[in-house]
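One-letter residues, chain by chain:
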Amino acid sequence: MTITETSGGILVRLPYLSLADTLDCGQCFRWETSDNCTFRGCHNGHFLTVSQLKLGAPQDESAIFLHRTTRKQFETIWRPYFDLDTDYHAMQQIFRNDPTLALACDYAGGIRILRQEPWEALCSFIISQNNNITRIKDIVTRLCETFGNHTADGYTFPRPERIASLSLDDLSPLRAGFRAKYILDAAQKIAGGEIDLPAVAAMPIDEARKALQTICGVGPKVAECALLFGFYRREAFPIDTWIKKVLNIYYPNGFPDFAVPDGGVAQQYLFHYVRNHPLPA
DNA sequence: AACCAGGTTGACG
DNA sequence: CGTCAACATGGT
């Protein structure tokens, strides 16, 4: 990876990375684009415009440009967020021992797991249940625009303390349906100290699962998504309707052992792959 | 008009 | 412990 500071921002040349796939594969819900090349989004109160300068083939070098970003902002915020120091190629070499995963790597290998802010990830995936991605994005957008901080750059994701100060009726403009009470319960347990997210981050994964599932509206799948996308637990393996079909069709005898330690990454590749390819009946 | 959407809950055997 | 309808809302 080579990093170049320019007057306009930071240029990063690095192994294969697809911004379009990474930011629109259903792991995050707040990045917007009009051309599938330049994206604008927010992480932990920091806003960014980022462009794909070069995609290339999987074996080639990619390049991205972070607009109006200093070296310090890059190092402290965006380099970790985009998980730029993890060797995805090495992971994919292992996945390729399985034929289905090899196809998923070919198709989705430009995806990086974003290190999202834990509360935002948890809250977003509470909203995701029995919902479609378009509407998840709409509800999250309304959540930010209604209760987030309005800065010069845009709306931030509201902190749990802010949500916890609200009533169920206050959340009605979100049109989140039955999920509103779950959002409220999560915010109240976190703001009230009943659940300590930094402590969850430090727990053994089974303990973390149990802790998250004490929140009403957080079952096995949402907990797993929060752990993978909000706590960067790459072994977390969310099983949704799509992955359930994949497991039934391609892995009737179980998911391959060698892929389990990075199962979440494999899961995300498979998810993106099957969502864009017809599955056998 | 019925069915589906990155599921979870509470009620039932 | 496994099964199953209900759950709000919006899109086909």
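- An unreviewed UniProt entry lists chain A under the name DNA-(apurinic or apyrimidinic site) lyase, with Fumia xinanensis as the source organism.
- The UniProt entry for chain A carries this comment under Sequence similarities (unreviewed entry): "Belongs to the type-1 OGG1 family."
- For the record of chain A, the UniProt heading Catalytic activity (unreviewed entry) holds the text "2'-deoxyribonucleotide-(2'-deoxyribose 5'-phosphate)-2'-deoxyribonucleotide-DNA = a 3'-end 2'-deoxyribonucleotide-(2,3-dehydro-2,3-deoxyribose 5'-phosphate)-DNA + a 5'-end 5'-phospho-2'-deoxyribonucleoside-DNA + H(+)".

## Things to note about the UniProt feature "domain: HhH-GPD" (unreviewed entry) in chain A
Line of reasoning, step 1. The feature "domain: HhH-GPD" (unreviewed entry), as given by UniProt, occupies residues 127-275 in the numbering adopted here.
Line of reasoning, step 2. The distance from the first to the last C-alpha atom of residues 127-275 is 20 Å, and the span holds 54% helix and 0% strand.

## Digging into the packing of helix α3 (residues 88-95) against helix α13 (residues 263-275)
Line of reasoning, step 1. Remark: α3 packs on α13, axes separated minimally by 11 Å, with the N-to-C direction vectors making an angle of 75°. Relative to α13, the element α3 lies roughly perpendicular. Here Tyr88, Met91, Gln92 and Phe95 of α3 lie close against α13, whose contacting residues are Val265, Ala266 and Tyr269.
Line of reasoning, step 2. Within the contact of α3 with α13, the residues separate by chemical class into six nonpolar, one polar and no charged.

## Examining the layout of surface pockets
Line of reasoning, step 1. The space that makes up the largest pocket amounts to roughly 450 Å³.
Line of reasoning, step 2. Together, 24 residues line the largest pocket, and Ser128, Asn131, Lys221, Asp240 and Phe271 are the ones closest to its centre.
Line of reasoning, step 3. Among the secondary structure elements, those contributing two or more residues to the lining of the largest pocket are α6 (133-147), α11 (220-230), α12 (241-250) and α13.
Line of reasoning, step 4. When grouped by side-chain class, the residues that make up the lining of the largest pocket number eleven nonpolar, nine polar and four charged.
Line of reasoning, step 5. Put simply, the second largest pocket is a space of about 330 Å³.
Line of reasoning, step 6. Together, 16 residues line the second largest pocket, and Arg30, Glu32, Arg40, Gly41 and Thr141 are the ones closest to its centre.
Line of reasoning, step 7. Of all the secondary-structure elements, those providing two or more residues to the lining of the second largest pocket are β4 (38-43) and α6.
Line of reasoning, step 8. Of the residues forming the lining of the second largest pocket, the biggest block, five residues, is contributed by α6.

## Quick word on the side chain of His272
Line of reasoning, step 1. Among the structural elements, His272 can be located in helix α13.
Line of reasoning, step 2. Take His272: its relative accessible area is 6%, and that puts it in the buried class.
Line of reasoning, step 3. Setting aside anything within four residues of it in sequence, one finds His272 in contact with Asp21, Asp24, Cys25, Tyr107, Ala108 and Ile111.

## Some thoughts on the protein's contact with DNA strand B
Line of reasoning, step 1. Taken together, the neighbourhood of DNA strand B is formed by 28 residues, with Gly26, Asn131, Ile133, Asp240 and Gln267 sitting nearest.
Line of reasoning, step 2. For DNA strand B, the fraction of protein-proximal atoms (within 4 Å) that sit in sugar or phosphate groups is 60%.
Line of reasoning, step 3. Gln129 places a side-chain nitrogen or oxygen 3.1 Å from a sugar or linking oxygen of DNA strand B.
Line of reasoning, step 4. One nitrogen or oxygen atom from the main chain of Gly217 is found 3.0 Å from a phosphate oxygen belonging to DNA strand B.
Line of reasoning, step 5. Broken down by secondary-structure element, the contributors of at least two residues to the surface near DNA strand B are α11, α12 and α13.
Line of reasoning, step 6. Element by element, the count of residues in the surface near DNA strand B is highest for α11, at four residues.
Line of reasoning, step 7. Residues belonging to the surface near DNA strand B are distributed by class as follows: 14 nonpolar, twelve polar and two charged.

## A short note on the pattern of salt bridges
Line of reasoning, step 1. All told, the structure shown has twelve salt bridges when counted by the stated rule.
Line of reasoning, step 2. Across the pair Glu75 and Arg71 runs a salt bridge whose closest N-O atoms are separated by 2.9 Å. Separated by four residues within a single helix, Glu75 and Arg71 lie in helix α2 (residues 71-81), roughly one turn from each other.
Line of reasoning, step 3. The exposure class of Arg71 is partly exposed, given its relative accessible area of 31%.

## Side note on unusual backbone geometry
Line of reasoning, step 1. Here Asn36, not a glycine, exhibits a phi torsion of approximately 65°, which is positive.
Line of reasoning, step 2. Structurally, Asn36 is set in the loop between β3 (32-33) and β4.
Line of reasoning, step 3. Its relative accessible area of 46% is what places Asn36 among the partly exposed residues.
Line of reasoning, step 4. Phi is positive for Arg68, which is not a glycine, with a value near 45°.
Line of reasoning, step 5. Locating Arg68 in the fold gives a position in the loop between β6 (61-67) and α2.

What counts, and where the lines are drawn
- Residues numbered from 1 in each chain as written.
- Chains lettered and ligands numbered in written order.
- Predicted model: local features only at pLDDT ≥ 70, side-chain atom pairs only at ≥ 80, totals over all residues.
- Heavy atoms only, no water.
- UniProt positions renumbered as here; feature names shortened; annotations may be inferred.
- Helix = DSSP H or I, 4+ residues; strand = E, 2+ residues; numbered from the N terminus.
- Axes fitted to C-alpha atoms, helices over the stretch in contact; angles between N-to-C directions.
- Parallel < 35°, antiparallel > 145°, perpendicular 65-115°, else oblique.
- Contact = heavy atoms within 4.5 Å.
- Nonpolar A, V, L, I, M, F, W, Y, C, P; charged D, E, K, R; others polar.
- 1 Å grid on protein atoms, 1.4 Å probe; cavity = no way out; pocket = protein on both sides within 12 Å on 5 of 7 lines; lining within 4 Å.
- Points joined across faces, edges and corners; volume = space filled by probe spheres on them.
- Buried < 20%, exposed > 50% of the residue type's maximum accessible area, 1.4 Å probe, protein only.
- Near = heavy atom within 4 Å.
- Polar contact = N/O pair within 3.5 Å; in protein donor to acceptor, adjacent residues only side chain to side chain.
- Salt bridge = Lys/Arg side-chain N within 4 Å of Asp/Glu carboxyl O.

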